[in-house]
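Read off the chains here:
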Amino acid sequence: MTDRVIAVGGHESDGAAALAGVLGPEVTRVGGGRELVREVRSARAAGERVCVVPMTLGRDPSLVADAARTLLALDAGERAGTLLAEPFGTTAHLVGWLRTLANRVPDDRALLVTAPSGDPFSDADLFRTARLVGQYGRHRVVEVALLGGAPDLAEGVWRCRALGAPGAVVLPAAWAVPEPAGVAHAEYGGPLLSASAAAGVLASRVRQARERYERSGDDGVDRALAADHDHGHAHSHGPDDHGHGHSHGHGHAHSHAHSHGHSHGQSHGHGHSHSHGADDGHGHGPDGGGDHHRALSPAPRTAGESPAEHQGSAPDLVPSHRSPR
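What comes next concerns the included structure. (Residues numbered from 1 in each chain as written. Predicted model: local features only at pLDDT ≥ 70, side-chain atom pairs only at ≥ 80, totals over all residues. Heavy atoms only, no water.)

Moving on, we come to the packing of aromatic side chains. Applying the stated criterion to the full structure yields 2 aromatic pairs. Consider the rings of F88 and W97, whose centres lie 6.0 Å apart with planes at 50°: the pair is tilted. Accessibility assignment for this pair places F88 and W97 in one class, buried. Chaining the aromatic ring pairs together yields one cluster made of F88, W97 and W175. (Phe/Tyr/Trp six-rings, centres within 6.5 Å; stacked < 30°, edge-to-face > 60°. Buried < 20%, exposed > 50% of the residue type's maximum accessible area, 1.4 Å probe, protein only.)

Right, dumping it as structure tokens:
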């Protein structure tokens, strides 16, 4: 029995349209929803096994969860021969791939990490990614551009030059990042992955999904339903929430109990960053770090304390995307 591989794209690939030049003709490319259901049913009717691969690079966990919910619409016979693989990449993979591109860029140029705009949380993830790409690197200026958002490509280049770089090299942090034609002082530093490299990663995801199913009968759907659980506002505590305990699902079992013996004058959220590489069981990003379980809420600013002093009192805050001096 043959396998049909179906690659599902979201905002990172313009609904899979940008995958045409990356994946070979043997891979079916869809934008999800009814299109995904139609292709799966067609393959199953032809007697083919199906493996669906969400083509996110780590910034679109909703694509994974949506694919899982879509596959739940299949009947039992169709589900029996259908697997949902791990996403193509994680943010840890993305940072590593972008660092590889950055190593080819002359030291005096700025790095302009670029991707299509998504929701506010996906966009915020791009700033975090850019910060990690620039960390410990050779380039003094690392900025972000959001296609269809702000700052756009032209403003991103302007920021790079305002910070002293003679020009910017566009590093694509998504599939749908065209060459910067018509933008002065900008050049293209992509593609993110060659066609052969992308094919290798895709084949690995399909193989892992098949081995997991043969080993444990896990088709990957149930685990993917919670993929976007921590994407966005996980929860907030209002003024009347004092003592409470709750758990967070992150794809592995652990719980965080918060006991607050003080009153909350304002709502706040706790963000926990977990980066799980598809090939590395339980990794936490390229830079590791074991302090990711600490709450990220800053301490209240006291009277007379300057904003800079207050920020310094919260070392766990995600650093600015601006380049280190």
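We now examine helix α7 (residues 195–216). In an α-helix, one turn spans 3.6 residues; hence positions three or four apart end up facing the same way. Helix length check: α7 (22 residues) gives 32 Å between terminal C-alpha atoms against 32 Å at 1.5 Å per residue, within 8%. All of the buried residues in α7 are A198, V201, L202, S204, R205, V206, A209, R210 and R212. On the buried face of α7, the contacting elements are β1 (3–8), β3 (49–54), β4 (82–84), α4 (91–102) and α8 (221–224). Looking one or two places after α7, you find G217, whose phi comes out positive at around 75°. (Helix = DSSP H or I, 4+ residues; strand = E, 2+ residues; numbered from the N terminus. Expected span 1.5 Å × (residues − 1). Contact = heavy atoms within 4.5 Å.)

Let us look at the pairing of strand β6 (residues 142–147). Counted residue by residue, β6 has 5 buried out of 6 residues, so it is predominantly covered. The pairing of strand β5 (residues 110–116) with β6 spans 6 bridges and is classified as parallel. Residue pairing in the sheet places P116 in a bridge with L147 of β6. For the crossover from β5 across helix α5 (residues 120–134) to β6, the handedness is right-handed. (Pairing = 2+ DSSP bridges. Right-handed = clockwise from strand over helix to strand, strands pointing away.)

Bringing the sheet that holds β4 into the picture now. Spatially, the 4 strands line up as an open sheet ordered β2-β1-β3-β4, and their pairing is parallel. Edge positions in the sheet fall to β2 (28–30) and β4, since each of these pairs with one other strand and no more. On average, each strand axis in the sheet is inclined to that of its neighbour by 25°, with strand direction left out of account. Against the sheet, helix α2 (residues 61–71) touches β1, β3 and β4, its axis set at about 160° to β4. (Axes fitted to C-alpha atoms, helices over the stretch in contact; angles between N-to-C directions.)

Here we take up α2. Of all 11 residues making up α2, 9 are buried, and the element is well covered by its neighbours. Among the residues of α2, those classed as buried are P61, S62, L63, V64, A65, A67, A68, T70 and L71. Along its buried surface, α2 packs onto β1, α1 (34–45), β3, α3 (76–80), β4 and α8.

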